[in-house]
Amino acid sequence: ILTYVERFFNGLYEQYGEEYKQINRILQVPDPNNRDRWKQGKLRLDSFWINFSQKHDFNPPHTHSGVLSFVIYCQVPQEIFSVQTDSNTKRAGEIHFRYGDPCSELMGNEFPCRPGNNLIFIFPSKLTHFVPAYWVDAERISVSGNFGVI
């Protein structure tokens, strides 16, 4: 996964340039010998888990610890997207990323994504995300984790 995290950072550098302070700041830690200074840190996998999702399972809106999180979709039965419920829960089985004020529908602050086999999402750990339930008898398997900086 570190190879993909490095690609993630390289993409940010290509997009914003190496002088973009917020990106550089992500990988810095306070110098224990001088609290006014910062030094280059290293990414470390802090937590790692496997999700075995079944019919009716969902994840409510939440964030993670650390600086970067990821989801790797290992097994995604495509039929989980074909059946929608007659309720306010739409886009069955997709992952939704949300930023900003969730109360304003005019701001376009939610980005739904339909996962597939071998798809990896890498995102800031504090980015709110959630997964609506799906309505068919099928198992989806994903691996998730969080990176911190040491």
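Coordinates for the structure precede this section.
Throughout what follows, the structure given in this document is the object of discussion.

Inspection of the entire model under this criterion finds 4 aromatic pairs. A centroid spacing of 5.7 Å and a plane angle of 45° characterise the contact between phenylalanine 70 and phenylalanine 147, whose relative ring orientation is tilted. Here phenylalanine 70, found in strand 5 (residues 68–75), pairs with phenylalanine 147, found in strand 10 (residues 140–149); they are 77 residues apart in sequence, far enough to count as distant. Comparing phenylalanine 70 with phenylalanine 147, the two get one shared label, buried.

Right, let's get into the nonpolar core. Ranked by size, the top nonpolar core spans 15 residues in total, and within it Tyr73, Ile80, Ile95, Phe97 and Phe121 carry the most contacts. Within the residue set of this core, elements represented by two or more residues are strand 5, strand 6 (95–98) and strand 8 (119–124). Aside from chain neighbours lying at most four places away, what touches isoleucine 80 is Ala92, Gly93, Tyr134, Val136, Ala138 and Arg140. Counting 9 residues, the second-largest nonpolar core is a separate cluster that includes Val5, Phe9, Phe70 and Val143.

Glancing now at the environment of lysine 39. Assignment of secondary structure puts lysine 39 in strand 2 (residues 34–40). Put simply, lysine 39 and glutamine 28 are 11 residues apart on the chain and 5.4 Å apart in space, counted from C-alpha to C-alpha.

Let us look at the sheet that holds strand 9 (residues 128–131). Strand order in this open sheet of 4 strands is 4-9-6-7, and the pairing throughout is antiparallel. At either margin of the open sheet sits one strand with a lone partner, and together these are strand 4 (59–62) and strand 7 (110–113). Adjacent strand axes in the sheet meet at a mean angle of 15° when their direction is disregarded. Both strand 6 and strand 7 contribute to a ladder of 4 bridges, which runs antiparallel. Bridge assignment links histidine 96 to a residue of strand 7, and that residue is proline 112.

Calculation rules
- Residues numbered from 1 in each chain as written.
- Predicted model: local features only at pLDDT ≥ 70, side-chain atom pairs only at ≥ 80, totals over all residues.
- Heavy atoms only, no water.
- Phe/Tyr/Trp six-rings, centres within 6.5 Å; stacked < 30°, edge-to-face > 60°.
- Helix = DSSP H or I, 4+ residues; strand = E, 2+ residues; numbered from the N terminus.
- Buried < 20%, exposed > 50% of the residue type's maximum accessible area, 1.4 Å probe, protein only.
- Core = buried A, V, L, I, M, F, W, Y, C linked by side-chain atoms within 4.5 Å.
- Contact = heavy atoms within 4.5 Å.
- Pairing = 2+ DSSP bridges.
- Axes fitted to C-alpha atoms, helices over the stretch in contact; angles between N-to-C directions.

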